Amino acid sequence: QVQLVESGGGLVQPGEALRLSCKASGFILNINDMAWYRQAPGKNRDLVARIGSGGSTNYADSVKGRFTISRDNAKNTVYLQMHSLKPEDTAVYSCYAVIVNALGAMAYWGKGTLVTVSS
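Residues numbered from 1 in each chain as written. Predicted model: local features only at pLDDT ≥ 70, side-chain atom pairs only at ≥ 80, totals over all residues. Heavy atoms only, no water.

## Quick notes on the pattern of salt bridges
In this structure the tally under the stated criterion is four salt bridges. Across the salt bridge formed by R38 and D89, the nearest N and O atoms sit 2.9 Å from each other. Note that R38 is positioned in strand β4 (residues 30–39) and D89 in the loop between β8 (77–82) and β9 (91–101), a separation of 51 residues in sequence. The class of D89 is buried, set by a relative accessible area of 1%. The closest approach of N and O atoms between D89 and R66, which form a salt bridge, is 2.8 Å. You can see D89 sitting in the loop between β8 and β9 and its partner R66 sitting in the loop between β6 (57–59) and β7 (67–72), a full 23 residues away along the chain. By relative accessible area, which is 10% here, R66 ends up buried. (Salt bridge = Lys/Arg side-chain N within 4 Å of Asp/Glu carboxyl O. Helix = DSSP H or I, 4+ residues; strand = E, 2+ residues; numbered from the N terminus. Buried < 20%, exposed > 50% of the residue type's maximum accessible area, 1.4 Å probe, protein only.)

The following block contains the structure:
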């Protein structure tokens with residue numbers, strides 16, 4: 001059974017930084033795309049950042065220049081470094097990954113970690 005487990009969320013003040021981590025575990029042959037999504041109260045879940053297996057990245061316009069996504073393939077882990085946090089960044093951040101195992105390539109989601117930006 002493949003699992004994605006996020007960590008690193010919490011309460012920070014505007015302008016501060018935070019780093020999220022998401023580790024995949026279970027029977028994994030390879031991991032293709034990995035990404036972070038977020039869902040603010042009363043809003044849809046939106047893509048924050050995506051990183052391909054080769055390291056190519058995409059970001060939502062609202063986080064460009066402030067957030068950086070990276071991955072450690074040896075640890076099956078994806079990170080989201082967030083700087084200059086704003087109250088509008090408050091949301092539940094969820095990890096997403098396309099994982100290849102004996103069953104083929106499937107998409108998995110973590111349960112999410114709450115980030116609250118408030119003074």
